[in-house]
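# Topology and contacts: notes
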Amino acid sequence: MSLIEKKLKDRSDSKCELCSNEYNLTVFNVAPNTEESLKQSILACKTCIDQIDNPEKTDLNHWRCLNESMWNENLPVQIISWRMHARLKNIDMLEMMYLDEEALDWAKATGEIEEENKIIHKDSNGNVLLDGDSVVLIKDLDVKGANFTAKRGAAVHSIKLVWDNAEQIEGRVENQHIVILTQYVKKTK
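Just so you know, the residues in each chain are numbered from 1, in the order the chain's sequence is written. Reporting in this predicted model follows two pLDDT cut-offs: at least 70 for local features of residues, and 80 or more for side-chain atom pairs to be given and counted; totals over whole chains, interfaces and linings ignore these cut-offs and use all residues. The basis for every side-chain value is the complete set of non-hydrogen atoms in the structure, without hydrogens or water.

## With respect to helix 2 (residues 46–53)
The cut-off we apply is this: Categorising residues by exposure relies on relative accessible area from a 1.4 Å probe, with only protein chains included: less than 20% of the type maximum marks a residue as buried, more than 50% marks it as exposed, and the intermediate range marks it as partly exposed. Strands here are runs of E lasting at least two residues and helices are runs of H or I lasting at least four, both read from the DSSP assignment and numbered beginning at the N terminus. Starting at the helix axis, one direction is taken to each C-beta atom, and the arc is that of these directions. Contacts are residue-level and defined by heavy atoms, with any inter-residue pair within 4.5 Å sufficient.
Taken together, the buried positions of helix 2 are C48, I49, Q51 and I52. Projected down its long axis, helix 2 carries its buried residues within an arc of 170 degrees, all on one side. Buried residues along helix 2 sit against strand 1 (25–29), strand 2 (41–45) and helix 4 (75–87).

Dropping the structure here:
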């Protein structure tokens, strides 16, 4: 048994620091760190490690333990708890957790969460939309508050993406700035 493993067992009372399992415990280095240390590692069971390393094996019921481990006083445990809440899209729990800027950077360091949570706008055919693209309306749309109908086939140039909603874009139709649902547009080349 290494000195770090002994210290981690003492710190955790010989239990997984995530789920409190007492069996198949090993030292787990919190990515991107590769060195075993008290400040960069946790003591975790085989089940937790397997699910952390293989997102497709994630068992929601197993991770109910995060409601307790997220309050652990040790930063590496908090980092893994934050990552798993983010992977499971437990937004309410993420909002309850506080990580300073440096710790939050560490939690996001693997890049996995950024890609999963990134908002991607797509047109009615599934083509990715970007700021500045041109689209064509595929349906007549009644514009609320403007008393006109945006006609099918109308071109909308230089669209702007609504940053927090993948189903909405902004553009000008008949000199009116409007919000348009992406399901009613088709990207032009």
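## A few points about helix 6 (residues 101–108)
Applicable threshold: Here a polar contact means two N or O atoms within 3.5 Å. Within protein one must be a hydrogen donor candidate and the other an acceptor candidate, and residues neighboring in sequence count only if both atoms are side-chain atoms.
Along helix 6, the residues classified as buried are A103, W106 and A107. On an axial view of helix 6, the arc spanned by its buried residues comes to 100 degrees, and they lie on one face. Those residues of helix 6 that are exposed and angled more than 90 degrees off the buried face are E101, E102 and D105. Taken together, the buried residues of helix 6 touch helix 4. The backbone nitrogen of E102 has a side-chain oxygen 3.2 Å away, supplied by the residue at the start of helix 6, namely D100.

## Quick look at a negative patch on the surface
Operational definition: Residues forming no salt bridge and having over 30% relative accessible area are the ones grouped into patches, like charges within 9 Å of each other and nonpolar side chains (Val, Leu, Ile, Met, Phe, Trp, Tyr) within 5 Å. Each accessible area is a Shrake-Rupley result for a 1.4 Å probe, and residues are judged covered by the shown protein chains and nothing else. By definition, a salt bridge exists where a carboxyl oxygen of Asp or Glu is found within 4 Å of a side-chain nitrogen of Lys or Arg. When charges are counted, Lys and Arg are positive and Asp and Glu negative, with His and the chain ends excluded. All charge positions are set by atom: Lys at NZ, Arg at CZ, Asp at CG, Glu at CD.
A contiguous patch of negative charge, built from D100, E101, E102 and D105, is present on the exposed surface. Residue placement: E101 occurs in helix 6.

## Comments concerning the pairing of strand 9 (residues 176–181)
On a regular strand, each side chain points to the face opposite its neighbour's, so the side chains alternate between the two faces of the sheet. In plain terms, the rule: Strand pairing is defined by DSSP finding a minimum of two bridges between the two strands.
Examined bridge by bridge, strand 8 (residues 168–173) and strand 9 share six bridges and lie antiparallel to one another. Pairing of Q168 across the sheet is with L181, part of strand 9.

## Details of the packing of helix 4 against helix 6
Relative placement of two packed helices is described by the angle separating their axes and the distance separating the axes. Counted only if it meets this: Between the N-to-C directions of two axes lies an angle of 0 to 180 degrees, each axis being a line fitted to C-alpha atoms and, for a helix, fitted only over the stretch in contact. Roughly parallel covers angles under 35 degrees, roughly antiparallel covers those over 145, roughly perpendicular covers 65 to 115, and oblique covers all other angles. Note: crossing handedness is left-handed where the near helix turns anticlockwise from the far helix by less than a right angle, and right-handed where it turns clockwise.
At a minimum axis distance of 9 Å, the contact between helix 4 and helix 6 shows a crossing angle of 55 degrees. Judged on the interaxial angle alone, helix 6 and helix 4 are oblique. Here helix 4 runs over helix 6; the crossing is right-handed. In this structure, helix 4 contributes L75, P76, I79, W82 and R83 to the contact, and helix 6 contributes A103, L104, W106, A107 and K108.

## Points about the state of the cysteines
What counts, and what does not: What counts as a disulfide here is a pair of cysteine sulfur atoms lying within 2.5 Å.
On inspection of all chains with the given rule, the structure shows zero disulfides. C19 provides the cysteine sulfur closest to C16, a residue in no disulfide bond, and the two sulfurs are 3.7 Å apart. In this structure C19 is not part of a disulfide, and its nearest cysteine sulfur, from C45, lies 3.6 Å away.

## Considerations on the pattern of salt bridges
A complete count under the given rule lists four salt bridges for this structure. Across the pair E17 and R11 runs a salt bridge, and its minimum N-O distance is 2.9 Å. Since its relative accessible area comes to 7%, E17 is described here as buried. On the basis of relative accessible area, R11 is assigned to the partly exposed category, the value being 25%.

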